[in-house]
Amino acid sequence: MEKTERIKYLIIGNSAGGIGAIEAIREVDTSGTITIVSDEPYPVYSRPLISDLLAGKRTIDKLNYRPFDFYEQNRISTIFGNRVTKLDLTNNTVFLDSGQKIGWDKLLLATGGTPIVPPIEGREAGGVFTFTTLADARAIDDYIRQKPDANAVVIGGGLIGVSVTESLLNRQVKVTIIEMKDRILNVILDEKTSSMEDKAVRDSGAEIITGHTVSKINGNTHGEVYGVTLDNGSVIPCGMVIIAIGVRPRLELVSGTDIRVNRGIVVDKHMETSIPGIYACGDVAEAYDFVYRENRLTPVWPNAYLGGRTAGLNMAGKETDYPGGTNINSMKYFGVYIVSAGMIVAPDTTYDEIITNHEDIYKKLILKDGLITGMVFSGDVDRAGIIYNLMRDRINVESFKQSLVTDDVGLLSLPEKVWRNRLATAPVVNGIENSIN
Amino acid sequence: MRKIYIKEEVCIGCGLCEVYCQLQHASVHDLIKAFKKRGPRPLARARVEAKGNLSFSVRCRNCDEPQCVYACLTGAITRDTESGMITVDEEKCIGCCTCMLVCPLGAIKQDKEHKKMIKCDFCQGEETPACVANCPNEALFCVEYEGAEKKVTAEIPSPV
Ligand SMILES: Cc1cc2nc3c(=O)[nH]c(=O)nc-3n(C[C@H](O)[C@H](O)[C@H](O)COP(=O)(O)OP(=O)(O)OC[C@H]3O[C@@H](n4cnc5c(N)ncnc54)[C@H](O)[C@@H]3O)c2cc1C
Ligand code: SF4
Ligand code: SF4
């Protein structure tokens, strides 16, 4: 029988999560073999930057998340452009579409998300795209070059929809966003801030239709899109459609296996799945959310990296707990700066909201029993991290909560014990007195 | 690796650390020119906080577990392996402020004119950083480390 190569650390997915894991493994184990596999054919790139590529603001060689010699420097063998088709949990082996088999000691599933494409009639027409990969951005770019006069319908007014809209407007493509709910960015912004974005999007020249869905994509006899029909029967002519409804965990490898899945792959505090030795992180994983105090999908880049880092440390034998993550977003679409984290609206009356709002500045905190469970800041987002970390560390802010939404919020808004901890001030070195502890 | 520490009991909140930080990062090294003549004022990477008699100067601590590095969307923030310093690659930075949202000190901020993040850079190669050199009360001092810093154990109030 042909012998299968066995790798100490096998990573599937070459993005935030996979790289976080690699960097952590190498902090602990400098020589164990690492192989990373991705069906995307490039070295790691920053996924959020595909909008800058499409906008024409950045060239493809400037999307890289790590230096191009990253893999060599870290002694990582790479398999890019090949898909893992099957996991064999009995023999700790994966199968690739190339026919290759690889065995593992520790496996990380950092397979990310896949765009949701609802079964809308006509979705196979030419000129219909999704927008989550570098290849998507290049395909849309090519299409615009061929059809510079085509205007676009973007289905979905979430982060990806607004992001692609900004890029398209930069390319002088006219855009109409169709959002099913009553406001854009409704998952990550509250009413106030989403109306600010709504205004900014419209001021930039795009149209937004809320409260409707696309029921049909209309293609001509050449199979090319020429418009969409909405659920109310109205027709919007267009030369391209971007489906940006969202992403869902890419679970194809684990479905039908014993690895426990809820909405995503369920992991424990070490980012380990229900099968020992197999870890998961990032958009595919359902990991601990410190706001909701349960496992949730939190598909954002920082959490993918940190989850990957935690997985990597544990895979290499350094026991480490995932500090938890929650949905965090920082955006500057159309020049409007907004950050949000955790809950964006109070779920019920047992929660308090404190808000300051003057001129362009809007700061809102959501609290329950003295703990911050959500924040939405706009206009002045400086030092927002001070507050985010109070939320993450579950520090009771009841006695000083009002000071957290003032203009001059700082470390001195916090109790002495907390700011001293944050500054983690001087140790005793060369006779210099430790001034703090 | 190097760190700058504060002695808040002798800080009088005069703000000179901010001023000299601004000057250090200005295009001209003359106070009047830098502050009055050449376009927008340079930005300080240190911040003085004051409340009553208490005051101290805050800047990036080059954390052992740098949340900004972990969160950065583009790979613009990294730790320089030689100096241990957390640095921002201005060419890569897109000014999305994700790093700002996770920094526990509020020590990284945006240069709004250039839409890039800025933070303490130890005055890039200066023997003594400008803030430390110019504090009239020696409320700031530098410590050089061989390896990782000794962990400080001050407790965070426990959740209810
Ligand atoms: C346009 C856009 C804008 C965004 N903006 C932001 C933002 O501003 N802030 C933010 O925090 N997040 C943003 N995100 C989300 C962020 O990009 C994701 O949360 C992050 O990329 C998740 O990283 P990951 O490592 O979990 O997976 P992914 O980045 O999804 O990568 C997974 C990789 O695994 C590969 N893979 C999957 N299955 C297999 C298989 N079977 N075989 C081989 N390879 C496989 C995939 O091809 C992919 O390369 C944005 C996303 C998009 C698309
Ligand atoms: S910018 Fe903030 S999070 Fe990053 S190293 Fe400095 S203090 Fe730490
Ligand atoms: S603002 Fe710049 S440095 Fe900060 S997370 Fe965004 S790209 Fe990275």
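Residues numbered from 1 in each chain as written. Chains lettered and ligands numbered in written order. Predicted model: local features only at pLDDT ≥ 70, side-chain atom pairs only at ≥ 80, totals over all residues. Heavy atoms only, no water.

Caption draft 1: Here's a closer look at the overall build of chain B. If you tally the helices and strands in chain B, you get 5 helices and 8 strands. The linear arrangement of helices and strands in chain B, starting from the amino end, is β-α-α-β-β-α-β-β-α-β-β-α-β. Here the C-alpha atoms of chain B give a radius of gyration of 16 Å, agreeing with the 15 Å that 2.2 N^0.38 yields for 160 residues. Overall, chain B is about 50 × 40 × 35 Å in size when its C-alpha atoms are taken along their principal axes. Relative to its full complement of 160 residues, chain B shows a buried share of 53%. Taking the 22 positively charged and 22 negatively charged side chains of chain B as two groups, their mean positions are separated by 7 Å. (Helix = DSSP H or I, 4+ residues; strand = E, 2+ residues; numbered from the N terminus. Rg over C-alpha atoms; globule rule 2.2 N^0.38 Å. Buried < 20%, exposed > 50% of the residue type's maximum accessible area, 1.4 Å probe, protein only. Lys, Arg positive; Asp, Glu negative; His and termini not counted. Charge placed at Lys NZ, Arg CZ, Asp CG, Glu CD.)

Caption draft 2: Seen up close, the pairing of strand β21 (residues 328–331) of chain A. Residue and element names in this part refer to chain A. The alternating pattern of β21 places Ile328 and Ser330 and Asn329 and Met331 on opposite faces, both of which are buried. Of the pairings in the sheet, the one linking β21 to strand β22 (residues 338–342) comprises 4 bridges and is antiparallel in character. Residue Asn329 lies in a different strand from β22, and its bridge partner there is Ser340. (Pairing = 2+ DSSP bridges.)

Caption draft 3: Inspection of the site of ligand 1 at higher detail. Near ligand 1 there are 32 residues, and of these Ser15(A), Asp39(A), Glu40(A), Arg47(A) and Asp283(A) occur at the shortest range. Close to ligand 1, residues of chains A and B are found. At 3.5 Å, a side-chain N or O of Ser38(A) approaches an oxygen atom of ligand 1. Within the backbone of Pro299(A), one N or O atom sits 3.4 Å away from an oxygen atom of ligand 1. Alone, ligand 1 offers 990 Å² of accessible surface; in the complex the protein occludes 95% of this. Looking at the shell around ligand 1, the elements with two or more residues in it are α1 (16–28), α5 (159–170) and α7 (301–315) of chain A. Per element, the largest residue contribution to the shell around ligand 1 is 3 residues, and it comes from α7(A). Residue classes in the shell around ligand 1 are distributed as 15 nonpolar, 10 polar and 7 charged. Both of domain 1 (5–46 + 65–113 + 249–315) and domain 2 (128–245) of chain A provide at least three residues apiece to the shell around ligand 1. (Near = heavy atom within 4 Å. Polar contact = N/O pair within 3.5 Å; in protein donor to acceptor, adjacent residues only side chain to side chain. Areas by Shrake-Rupley, 256 points an atom, 1.4 Å probe, with all protein chains shown as cover. Nonpolar A, V, L, I, M, F, W, Y, C, P; charged D, E, K, R; others polar. Domains from an automatic or database assignment.)

Caption draft 4: The arrangement of α5(A) in detail. Residue and element names in this part refer to chain A. Between the first and last C-alpha of α5 there are 17 Å, a value that for 12 residues agrees with the 16 Å anticipated at 1.5 Å per step. A large share of α5 lies buried, amounting to 9 of its 12 residues. Here α5 has its buried residues at Gly161, Val162, Ser163, Val164, Thr165, Glu166, Ser167, Leu168 and Leu169. Once α5 ends, the next one or two residues include Gln172, with phi positive near 65°. (Expected span 1.5 Å × (residues − 1).)

Caption draft 5: The arrangement of the interface of chain A and chain B in detail. Counting residues at the interface gives 57 residues for chain A, matched by 53 residues for chain B. Taking both sides of the interface into account, the surface hidden between chain A and chain B amounts to around 4,800 Å²; carbon and sulfur atoms contribute 62%. Linking chain A with chain B are 4 salt bridges, by the criterion used here. Here Arg309(A) and Glu65(B) are joined by a salt bridge, their closest N and O atoms 3.2 Å apart. (Contact = heavy atoms within 4.5 Å. Buried area = accessible area lost by both parts, 1.4 Å probe. Salt bridge = Lys/Arg side-chain N within 4 Å of Asp/Glu carboxyl O.)

Caption draft 6: A look at the site of ligand 2. Taken together, Cys60(B), Arg61(B), Asn62(B), Cys63(B), Cys68(B), Ile86(B), Cys103(B), Pro104(B), Leu105(B) and Ile108(B) make up the full set of residues adjacent to ligand 2. Its residues assigned to classes, the shell around ligand 2 comprises 8 nonpolar, 1 polar and 1 charged.

By themselves, these observations are geometric and do not establish any function.
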